[in-house]
Amino acid sequence: MSGLFGGAKTPQSQTPSAVSDLSVQTSSFGKVVPLMWGTNRVTGNLIWYGNFQSHAHQSSGQSGGKGGGGGGGGGTTSYTYSTSWAMGLTEGQIQNIGNVYASKAVGSTSSYGLSVFPGVTPQAPWSYLTSAFPSLAIGYSGLAYIAAANFDLGSNTSLPNFSFEIFGPLAYSFTGSQDAPPAAVMQDFLTNSYYGALFPSSKIGDQTAWDNFTKAAGLLVSPVLDTAAEAHQFIDELCTVTCSAAVPGAESLRIVPYADVPITGNGVTFTPSVAPAYDLTDDDFLDDGSTDPVVMNRGNSADAYNSVTVEYLDRTNQYNAATVTAQDQANIDLFGLRPSPTMQMHMITSAAIAQQAAQFALQRSCYVRNTYQFKLGWRYILLEPMDVVTINDAFLGLNKYPVRITEIDEDNDTGDLTFTAEDFPDHVSTPSLNAVQGGSSYATNLNTPPGSVNQPVIFDAPGVMTASGFEVWAAVSGGSNFGGCNVWVSEDGNTYVKVGAIHGSARHGVLSASLATGTDPDTSNALAIDLSVSNGQLISGTQADADRFNTLCLVGSELISYQTATLTGVNRYSLSYLRRGIYNSKSGAHAAGENFVRLDASVFKYAYDRKLLGSTIYLKFTAFNLYGGGEQSLADCTAYPYVVGGSISRPPNVTGFTASQNGNVVVMQWNSLSSIGNIAGYDIRYAPAGDAVWAHGTPVTQATAGTLITTATLPPGSWVLMICAVDTSGVYSATPATFQFAMQNVNSLLAKMQQDPDWLSRFTAGQVSNFVYHWTGKLVPQSQGVAANDGWSTFDSYVPNPYPLCTYQAPEIDLGSDGPVRIHGDIVSVLGPGAPGIAAPGLQIDTRTSTGQYGGFTPWTIGTLTCRYIKLRIAADSTVGLPVITGFSPTVDGEQISQSGQVTVPVGGVTIAFARQYHMKPIPQATTIGGTGLMAVVTTVSTASMTIKVFDTTDTDVGGTATWSADGV
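As annotated in an unreviewed UniProt entry, the protein chain is Putative tail protein from Paludibacterium purpuratum.

Structure, rendered in structure tokens:
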């Protein structure tokens, strides 16, 4: 896939650091393992994670090769992350998992690549752990959990906030309902041998009446027990929700419904047992004469709640909390609104069931207000709470008045029984089964399917509108849920690389009528277009906008801009005042149905390596929705083949290209292409000898049209020079002209620090980053992981999962003094065995003067700088290619400098300070002027100065006049 990353060289942008650890929503030791029945939403608790990895992605590549610095970096490096994890859900065996809620997105176990372990006993360990982390492979028998291997986190380092719709025990056990019958729930809760309350099954009484009542009334539940509590609290909550009461007897536990009328529903009939067990009179009551035999406590109507609200979890709204309210309007009219505190019943997942529970609580609050207390003898020992009796009391005016027993207290000394009872009005304890509408809260599904993209329009970009001259553009749109797409490219139709993303739709469509040939500007013809496919809209501009091409469009293969856009129908326009044949595009007639694209920022732009010209590439567009979620899989998307550059008209290849050296520069000349009217100029590059690949070349210089000779500076070495013509659209010649050239170094060498094969900087902290020294005397990129984490591919491929940027810094060069010097460096590299891409290590430089500060490394090839201290380093981008660095020689040289003058020399001599300091001691010379028998002598010399004395024939220092010169570097 190396051809996908070519292009012009730009400085390497900063690379963000890879994160090395995972953030999770919940991972708690000692947390309650939830129990559940029916179907409800449950959050998980992370029980294991490992193999957290970062993956580097280069947005665009670089080019270059061996020698001469190899060019600069290009693009930016971003990171995505993956990890493997397991999340505990509930105790006991579940049936399945429905929706998966990941933060605000909704998906399924398959869409997220999750494996479900239902909590059977025994339960085999996860196969991934068995193979990758065998010492951690636990089966977690009896625990339902979910797991993911190499889960893609994207650019985030946190797991989504996962919760799951779980189909637990007893779901679908009655009439296909996702909820569970309460009687079966209580039976399992009390007696299950794995997680039950260890309540003897023999102590559970006949629950037929309760079971029939809840089934007939449709009072089914989906409870989740996720906090520690006493068992009776759960039984009490079940009774409250189902309009019933628990009756603990001497021999068994029964649940008795409050319902007082028969109910038939869901294939079940409930018949209440409401016949009075006794008709009690004064002959039955025990009293000592000091009190009435029946004591009545009357509740105040003004204190009763006449508005009851129940909070439940709405399954139709992703199990978010919702409320229903039951009100007695007549009571409200009499006594005013008296709302009760909200009753939380999260085991209810239906508005209809919640409404029944609320109505039941309301009716009991408003109409069951009086309580009665009386004593009976031990012969009434068979009476139990929830039994109905009638009482007679002349003083209270009670005649066969029905009451329901709620409490019985026995006197341990006498055996007498004290009864507490409540009113038993007809039909009050059976709420009407009225239809109720559930909540209409809106819950965003961030995983809404986006639908596939519409047929895209793919075309070669106008060269003048591109940075490199080699770009393919695509206009892409989608349906109502389309938020954009990721763009993938393949050279072979099998292996795809992500090259960018599109957000929103481009404005494209077709011509709804033909367009005739016209002049430029065209004021006679109108362009009729239909943008229905992209739901596009256009607005008018000014004539200046049209003349400046601010409204540029592609019509077929012609570039046109317009002034006025007149709406003629839904997504239909007529465009007038047309500029035709823009940027030398071919102007002509166009038929109805030809493609139309508005060329703006919404059009996707893909820069390719020129070596792909004429070859077929394949593009896929994985659409995502308006929220950025629900992205299609690559396998489900249509591949769109496209012949790269098939519609581009290219300038001729340059001929007669030669080069020669003149001092420190190379002189290049070539034959004229002046007969070609649209030639804008020439681009010249160089690469190591034998590597005549344009994408590997380092830019040398550019020349304008009409230029036939130019000069440039090259590092010493053997190179291949390449030249291409560039037309006014920015399109290059198909094949560069080449010239093999050896650049000699005519400067004097000041410093050359060969690093190979010892690479001494590896012993200095901070000098080497992400390179590894090989025992053969070479540098290779370092892998980010260890063999186990890389799936042992370390032994099958060259540097799996490398760090994206690898650097080696040579020791600092100290020239001893400030001054202009020429700096370059020879880097020798080859592509690693079996590695894709190109070997493109770059040279970077940082310098300072004696009093200055280092400013940071920047890309470098060769050039002259004034400095004293120099640092050079290799920077290899492993996303472009994985090199083996075999040699590196930072080099500093300088031109010969000659300084001279005339000076009066006093007795004792004179010291001359050089106007330009040398890096090495120069060769001095001094000659006297006038007089006879006199001789000028240079007594001392340094890089900064020289001292001259004048002697006569007797070796006496007499002074005089002399000329002097100093030659050196």
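Next comes the rest of the account.
What about helix H2 (residues 182-191)?
The buried fraction of H2 is high, at seven of 10 residues. Buried residues of H2: Pro 182, Ala 183, Val 185, Met 186, Asp 188, Phe 189 and Leu 190, and no others. On the buried face of H2, the contacting elements are helix H3 (208-217), strand E10 (224-225), helix H4 (231-241) and strand E12 (253-257).

Observations concerning the layout of surface pockets
Quantified by volume, the second largest pocket comes out at close to 910 Å³. Lining the second largest pocket are 36 residues, with Pro 34, Val 224, Leu 225, Asp 226 and Thr 227 sitting closest to its centre. For the lining of the second largest pocket, the elements supplying multiple residues, two or more each, are strand E2 (39-43), strand E3 (45-58), strand E4 (77-91), E10 and H4. Grouping the constituent residues of the lining of the second largest pocket by class yields 19 nonpolar, 12 polar and five charged.

Overview of the sheet that holds strand E21 (residues 388-393)
Strand order in the open sheet formed by six strands is E15-E21-E22-E23-E20-E16, and the pairing between neighbours is mixed. Each edge of the open sheet carries a strand with a single partner, namely strand E15 (279-280) and strand E16 (295-297). Two elements, strand E22 (residues 398-410) and strand E23 (residues 417-423), share seven bridges in a ladder whose sense is antiparallel. Bridge pairing in E23 links Asp 409 to Thr 418.

Quick look at a negative patch on the surface
A cluster of like negative charges, contributed by Asp 282, Asp 283, Asp 287, Asp 288 and Asp 292, occupies part of the molecular surface. Structurally, the position occupied by Asp 288 is in the loop between E15 and E16. Owing to a relative accessible area of 64%, Asp 288 belongs among the exposed residues under this scheme.

Considerations on the sheet that holds strand E59 (residues 960-968)
Ordered in space as E54-E59-E56, the three strands form an open sheet in which the pairing is antiparallel. The open sheet has two free edges, formed respectively by strand E54 (897-905) and strand E56 (923-929), since each of these has just one partner strand. The average undirected angle you get between the axes of adjacent strands in this sheet is 15°. Judged from the nine bridges that link them, E54 and E59 form a sheet pairing that is antiparallel. Residue pairing for E59: Ser 900 is matched across the bridge by Ser 965.

What to know about the packing of aromatic side chains
Inspection of the entire model under this criterion finds 34 aromatic pairs. Pairing Phe 549 with Tyr 583 gives two aromatic rings, centres 5.4 Å apart and planes at 80°, and the pair type is edge-to-face. One end of the pair, Phe 549, is in the loop between helix H7 (543-547) and strand E30 (553-555); the other, Tyr 583, is in the loop between strand E32 (572-579) and strand E33 (595-598), with 34 residues separating them in the sequence. Classification of Phe 549 as partly exposed rests on a relative accessible area of 23%. With a relative accessible area of 31%, Tyr 583 lands in the partly exposed category.

Examining the pattern of salt bridges
Following the criterion strictly, the structure yields 15 salt bridges and no others. Asp 600 is paired through a salt bridge with Arg 507; the nearest N and O atoms lie 2.7 Å apart. Here Asp 600, found in the loop between E33 and strand E34 (604-607), pairs with Arg 507, found in the loop between strand E27 (497-503) and strand E28 (508-511); they are 93 residues apart in sequence, far enough to count as distant. On the accessibility criterion, Arg 507 (23% relative accessible area) is partly exposed. In this structure, the salt-bridge partner of Arg 572 is Asp 530, at a minimum N-O distance of 3.2 Å. Residue Arg 572 is found in strand E32, and its partner Asp 530 is found in strand E29 (residues 527-530); the two are separated by 42 residues along the sequence. With a relative accessible area of 36%, Arg 572 lands in the partly exposed category. Through salt bridges with shared partners, a single ionic network connects Asp 520, Asp 547 and Arg 579.

Thresholds, definitions, all that
- Residues numbered from 1 in each chain as written.
- Predicted model: local features only at pLDDT ≥ 70, side-chain atom pairs only at ≥ 80, totals over all residues.
- Heavy atoms only, no water.
- Buried < 20%, exposed > 50% of the residue type's maximum accessible area, 1.4 Å probe, protein only.
- Helix = DSSP H or I, 4+ residues; strand = E, 2+ residues; numbered from the N terminus.
- Contact = heavy atoms within 4.5 Å.
- 1 Å grid on protein atoms, 1.4 Å probe; cavity = no way out; pocket = protein on both sides within 12 Å on 5 of 7 lines; lining within 4 Å.
- Points joined across faces, edges and corners; volume = space filled by probe spheres on them.
- Nonpolar A, V, L, I, M, F, W, Y, C, P; charged D, E, K, R; others polar.
- Pairing = 2+ DSSP bridges.
- Patch = residues over 30% accessible without salt bridge, like charges linked within 9 Å, V, L, I, M, F, W, Y side chains within 5 Å.
- Areas by Shrake-Rupley, 256 points an atom, 1.4 Å probe, with all protein chains shown as cover.
- Salt bridge = Lys/Arg side-chain N within 4 Å of Asp/Glu carboxyl O.
- Lys, Arg positive; Asp, Glu negative; His and termini not counted.
- Charge placed at Lys NZ, Arg CZ, Asp CG, Glu CD.
- Axes fitted to C-alpha atoms, helices over the stretch in contact; angles between N-to-C directions.
- Phe/Tyr/Trp six-rings, centres within 6.5 Å; stacked < 30°, edge-to-face > 60°.

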